[in-house]
Amino acid sequence: PWPGPFDFAAMNNAAARLARGQVLAFVNNDVVADRPDWLRRMAEEALRPEIGAVGAKLLDVRERIQHGGIVLGTGGLVTHAHRHFPGTAPGYLASLRATHRVSAVTAACLAVEAEKFRAVGGFDAAAFAVDFNDVDLCLRLEAAGYRTLLVPGAVLYHHEAASRRWNPEARRRHEA
């Protein structure tokens, strides 16, 4: 339970303070894993000294790509790469066939070494309580010298907004 208004960044920062593991895995409650190797794949990458945040390929209920990494500057501020491509699509230049560097990944399913997360101050709850805290985290990890990776071999299903529906207030906040 989290009293008060929804604050993704503060909730997950509090959870990270309680965690004792070497790797933190942030997984939304509307994400479903049906393959057993996703966490191992992501953790192996997150433990590499030069790597910061690690994301998974997320599919929607129609087997389309919901998240294939985050691209900065296209279609507005940020865009999910390969959004709505078929889930088996190879991606631009076959980028969905191999682990590769991206600008950012969604915290709907994000792994990061706990020490690196804490070193950059975790999620910025003051500026990004609900939206874009994941992009901000990835950019701060990058500034600290860590690369962000997408691991397309780690595949999960994201029932995006299943637990938190879009409403006028959420849309205004996101657009702001």
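Reading guide: rules and limits
Residues numbered from 1 in each chain as written. Predicted model: local features only at pLDDT ≥ 70, side-chain atom pairs only at ≥ 80, totals over all residues. Heavy atoms only, no water. Helix = DSSP H or I, 4+ residues; strand = E, 2+ residues; numbered from the N terminus. Buried < 20%, exposed > 50% of the residue type's maximum accessible area, 1.4 Å probe, protein only. Contact = heavy atoms within 4.5 Å. Phe/Tyr/Trp six-rings, centres within 6.5 Å; stacked < 30°, edge-to-face > 60°. Core = buried A, V, L, I, M, F, W, Y, C linked by side-chain atoms within 4.5 Å.

Caption draft 1: Highlighting the environment of His159. Along the chain, the position of His159 falls in the loop between strand 9 (147-158) and helix 5 (168-175). Overall, the relative accessible area of 30% leaves His159 in the partly exposed class. Distance from His159 to Val32, taken between C-alpha atoms, is 8.0 Å for residues 127 residues apart in sequence. Sequence-distant contacts of His159, that is, excluding residues within four places in its chain, are made with Asp30, Val32 and Val61.

Caption draft 2: The packing of aromatic side chains, seen in detail. Overall, the coordinates contain 4 aromatic pairs when judged by the stated rule. In textbook terms, an aromatic cluster arises when at least three aromatic residues are bridged by ring pairs, as seen for Phe8, Phe26, Phe117 and Phe123.

Caption draft 3: Structural detail: the nonpolar core. With 27 residues, the main nonpolar core has Leu24, Phe26, Leu110, Val112, Phe117, Phe123 and Leu137 as its most contacted residues. Looking at this core element by element, the count peaks at 4 residues for helix 4 (residues 133-143). In this structure, Trp38, Val54, Ala108 and Ala111 belong to the second largest nonpolar core, which totals 15 residues.

Caption draft 4: Spotlight on helix 4. Regarding helix 4, the residues found buried are Asn133, Asp134, Val135, Asp136, Leu137, Cys138 and Leu141. Looking one or two residues past helix 4, Gly145 carries a phi angle of roughly 105°, positive in sign.

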